[in-house]
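Each chain, written out:
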Amino acid sequence: MTSNMDREMILADFQACTGIENIDEAITLLEQNNWDLVAAINGVIPQENGILQSDYGGETISGPAFDPASHPAPAPAPSSSSAFRPVMPSRQIVERQPRMLDFRVEYRDRNVDVVLEDSCTVGEIKQILENELQIPVSKMLLKGWKTGDVEDSTVLKSLHLPKNNSLYVLTPDLPPPSSSSHSGALQESLNQNFMLIITHREVQREYNLNFSGSSTIQEVKRNVYDLTSIPVRHQLWEGWPTSATDDSMCLAESGLSYPCHRLTVGRRSSPAQTQEQSEEQSTDVHMVSDSDGDDFEDASEFGVDDGEVFGMASSALRKSPMMPENAENEGDALLQFTAEFSSRYGDCHPVFFIGSLEAAFQEAFYVKARDRKLLAIYLHHDESVLTNVFCSQMLCAESIVSYLSQNFITWAWDLTKDANRARFLTMCNRHFGSVVAQTIRTQKTDQFPLFLIIMGKRSSNEVLNVIQGNTTVDELMMRLMAAMEIFTAQQQEDIKDEDEREARENVKREQDEAYRLSLEADRAKREAHEREMAEQFRLEQIRKEQEEEREAIRLSLEQALPPEPKEENAEPVSKLRIRTPSGEFLERRFLASNKLQIVFDFVASKGFPWDEFKLLSTFPRRDA
């Protein structure tokens, strides 16, 4: 087993030899080879000849014998090649090339790039900066080291730094530069954001707060009161520039270091506070001034603590609650929440979904997979000391607002009132289960506000993350992006499943449509056949009726004919021979006195009605 110190040395040598700058990748390769430096390097840069020996494992790796006569001396290896090379078998050497480190150093409005070997010291960086910035080394504080403040004699290699580093220079003993364009520079500073790294001395906790250059020192102190519960009058500060003598001064002209400045705050001890309060109770009270700068100072003259006065001022600013108690309609409650949030923290804030929590689920989850989003639930609490800073500094940051609007449906609720808190816990228990509801129920007031990241997962809703109010913009963004990565992976699976399901449904619809068309064609064919049969039957009936009618007419004509006269008759008799279309002959005798109609009736009685047939004489041929 190698110790932590040995592993750090192995890691540094491995990175220097292989040029791998990613620490996680380098550690992974070393762990795969049980922290055997030579084996790890050979795995990345295979050796062709020679014998390599590890200074850490004590093992020797043998290759083909090295013959000086047959192998000319190798040329010097380039800077990107391996630090190990073939050597004589009697001596095994691990040659380490120097590792180059890049530093970007910020000083006011300038950036200086410094490149040094890791064998150099911190003091050599300062000497380079002295030539570039024209600042004496004795007046220069080089900040930004991850390990805290370091000495000038510290060797860079001992700090185990990555290849690229960012530092900044502070010059507290030098006055800010003056120029003819002071007003322009001041205006530019007013538009800049200052990162104040504030350490709470009693609890040893750091707060990273962003303020615009136009913010005043008084606003900083009031925000710190929200975080630490130390009244403004009882705050004892360290680190303010000597030029910051007035709390009404804006940060841009206070002489703070840009972009970061460190401050320390603690509670001012007042052993005579009890005696002062007893004396104040016996003195008369006189209103002196209602000016902005003296409100908190004059409060002590009336026997009122600054915290109480600040609480009264905060409650005065919050004339209406964020959300009405026992609101019947969740949409109306969220309309008031959005309006009150805008009045307190400005118009740059997340777009809160107006509607019930169920409607927010529908909007985020129950749509096509490509259109789904994560659901972010913001839980507000007015009595938490973190609420004001979280809302103004984190939730209203442009980067957070933009990221939420693109990837999330944001729904909000106010837990300040007990009735609203109970109502949300009921909704939470119904939608997320008792475990999540119990987690929120046990949260202390100072842990609010909370940010819940919800992902719809098929038949259930999963809480990916619960973010508390004591966070920074970078951490909040990082956790939102981590949740988004999980959601994106799940969304791709859902899109694939949905596409496959839609493809199956399309095939089924096409089959159903083809089957329906086939049924319709069969039905149409059957109906056409039935119509044809019905038409044939109808025509047959008509034909039969016509035949019956013709037969009846024939019989009636046959019965109406006068009897055929005999050959021996007193009257003249004519014998007619009539040829039918089929070639048969009809013969009958008629009296000369008979009318021609009787001949027609005779022919019709034999099945040849006169309206269908003509009776022609043979010679001359004419129509009778």
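Looking at an unreviewed UniProt entry, one finds the chain named Fas associated factor 1 and attributed to Ovis aries.

Visitor: An account of the packing of helix H16 (residues 473–560) against helix H17 (residues 596–605) is needed here, citing residue identities and associated values.
Guide: The N-to-C vectors of H16 and H17 enclose an angle of 135°; their axes lie 8 Å apart at closest approach. Taken together, the axes of H16 and H17 are oblique relative to one another. Two packed elements cross with a definite hand, and for H16 against H17 that hand is left-handed. For the pair formed by H16 and H17, the contact residues are Arg554, Leu557 and Glu558 on the first element and Asp601, Ala604 and Ser605 on the second. Looking at the contact of H16 with H17 residue by residue, the class counts come to 2 nonpolar, 1 polar and 3 charged.

Visitor: I'd like a description of unusual backbone geometry, backed by residues and values.
Guide: Following Tyr258, the chain continues to Pro259 via a peptide bond in cis, the omega torsion being 10°. Across the junction of Phe448 and Pro449, the peptide omega takes the value 0°, indicating a cis bond. Relative to the helices and strands, Pro449 resides in the loop between helix H15 (434–441) and strand S13 (450–457). With a phi close to 60°, Gln134 is a non-glycine residue in the positive phi region. Topologically, Gln134 is positioned in the loop between helix H4 (122–133) and strand S5 (141–143). Unlike most non-glycine residues, His160 shows phi in positive territory, near 55°. Position of His160 among the secondary structure elements: in the loop between S5 and strand S6 (164–170). Residue classification places His160 among the partly exposed residues on the basis of a relative accessible area of 38%.

Visitor: An account of the packing of aromatic side chains is requested, with residue identities and associated values reported.
Guide: This model, assessed by the stated rule, comprises 17 aromatic pairs. Taking the centre distance of 5.4 Å and the plane angle of 85° together, the rings of Phe337 and Phe352 count as edge-to-face. Taken as a pair, Phe337 in helix H10 (residues 330–345) and Phe352 in the loop between H10 and helix H11 (357–364) lie far apart in primary sequence, 15 residues in all. The exposure classification of Phe337 matches that of Phe352, with both residues buried. With centroids separated by 5.9 Å and ring planes inclined at 80°, the aromatic side chains of Phe361 and Phe432 adopt a geometry described as edge-to-face. Placement of Phe361 in helix H11 and of Phe432 in helix H14 (residues 418–432) is noted, with a sequence separation of 71 residues between them. Each member of the pair, Phe361 together with Phe432, is buried. Connected via pairs of aromatic rings, a cluster forms that spans Phe337, Phe341, Tyr345, Phe352, Tyr378, Phe390 and Phe451. Positioned over the ring face of Phe585 is Arg577, at 4.1 Å from the centre of the ring.

Visitor: Tell me about the pairing of strand S10 (residues 260–267), and name the residues and values.
Guide: Pairing of strand S7 (residues 193–200) with S10 involves 6 bridges; the strand directions are parallel. Its bridge partner being in S10, Met195 is matched across the sheet by Cys260.

Visitor: How would you explain the confidence of the model for the chain if you had to name every residue and give the values?
Guide: Caution is warranted with low-pLDDT regions, since their predicted coordinates should not be read in detail. Taken over all residues, the pLDDT of the chain has a mean of 77, while the share at 70 or more is 79%. For residues 47–95, every residue scores under 50 in pLDDT, and the model assigns this stretch 72 contacts once sequence neighbours within four places are set aside. In the predicted structure, residues 271–318 sits below a pLDDT of 50 and forms 40 contacts with residues beyond four places in sequence or in another chain.

Visitor: An account of the sheet that holds strand S14 (residues 460–468) is needed here, citing residue identities and associated values.
Guide: Judged by pairing direction, the sheet is mixed, and its 4 strands sit side by side in the order S12-S11-S13-S14 without closing on themselves. Across the chains shown, the open sheet's two edge strands, defined by having one partner strand only, are strand S12 (408–414) and S14. The sheet shows a mean angle of 25° between the axes of neighbouring strands, direction not considered. Summarising the sheet, S13 and S14 pair through 8 bridges and their orientation is antiparallel. When the bridges of S14 are listed, Lys457 appears paired with Ser460. Across the sheet, H11 touches strand S11 (374–380), S12 and S14, and the angle it forms with S11 is around 150°. Against the sheet, helix H13 (residues 398–407) makes contact with S11, S12 and S13, and its axis sits at roughly 110° relative to S12, the strand it touches most.

Visitor: Any details on the nonpolar core? Residues and values, ideally.
Guide: By size, the foremost hydrophobic cluster in this structure holds 79 residues, and its most contacted members are Leu375 and Trp411. The element best represented in this core is H16, accounting for 7 residues. Not counting residues up to four positions away in its chain, the partners in contact with Leu375 are Leu357, Ala360, Phe361, Ala364, Phe365, Phe408, Ile409, Trp411, Leu452, Ile453 and Ile454. Counting 21 residues, the second largest nonpolar core, distinct from the first, contains Phe103, Val122, Leu161 and Val169.

Reading guide: rules and limits
- Residues numbered from 1 in each chain as written.
- Predicted model: local features only at pLDDT ≥ 70, side-chain atom pairs only at ≥ 80, totals over all residues.
- Heavy atoms only, no water.
- Axes fitted to C-alpha atoms, helices over the stretch in contact; angles between N-to-C directions.
- Helix = DSSP H or I, 4+ residues; strand = E, 2+ residues; numbered from the N terminus.
- Parallel < 35°, antiparallel > 145°, perpendicular 65-115°, else oblique.
- Left-handed = near helix turned anticlockwise from the far one by under 90°.
- Contact = heavy atoms within 4.5 Å.
- Nonpolar A, V, L, I, M, F, W, Y, C, P; charged D, E, K, R; others polar.
- Buried < 20%, exposed > 50% of the residue type's maximum accessible area, 1.4 Å probe, protein only.
- Phe/Tyr/Trp six-rings, centres within 6.5 Å; stacked < 30°, edge-to-face > 60°.
- Lys NZ or Arg CZ within 6 Å of the ring centre and 35° of its normal.
- Pairing = 2+ DSSP bridges.
- pLDDT = per-residue confidence, 0-100.
- Core = buried A, V, L, I, M, F, W, Y, C linked by side-chain atoms within 4.5 Å.

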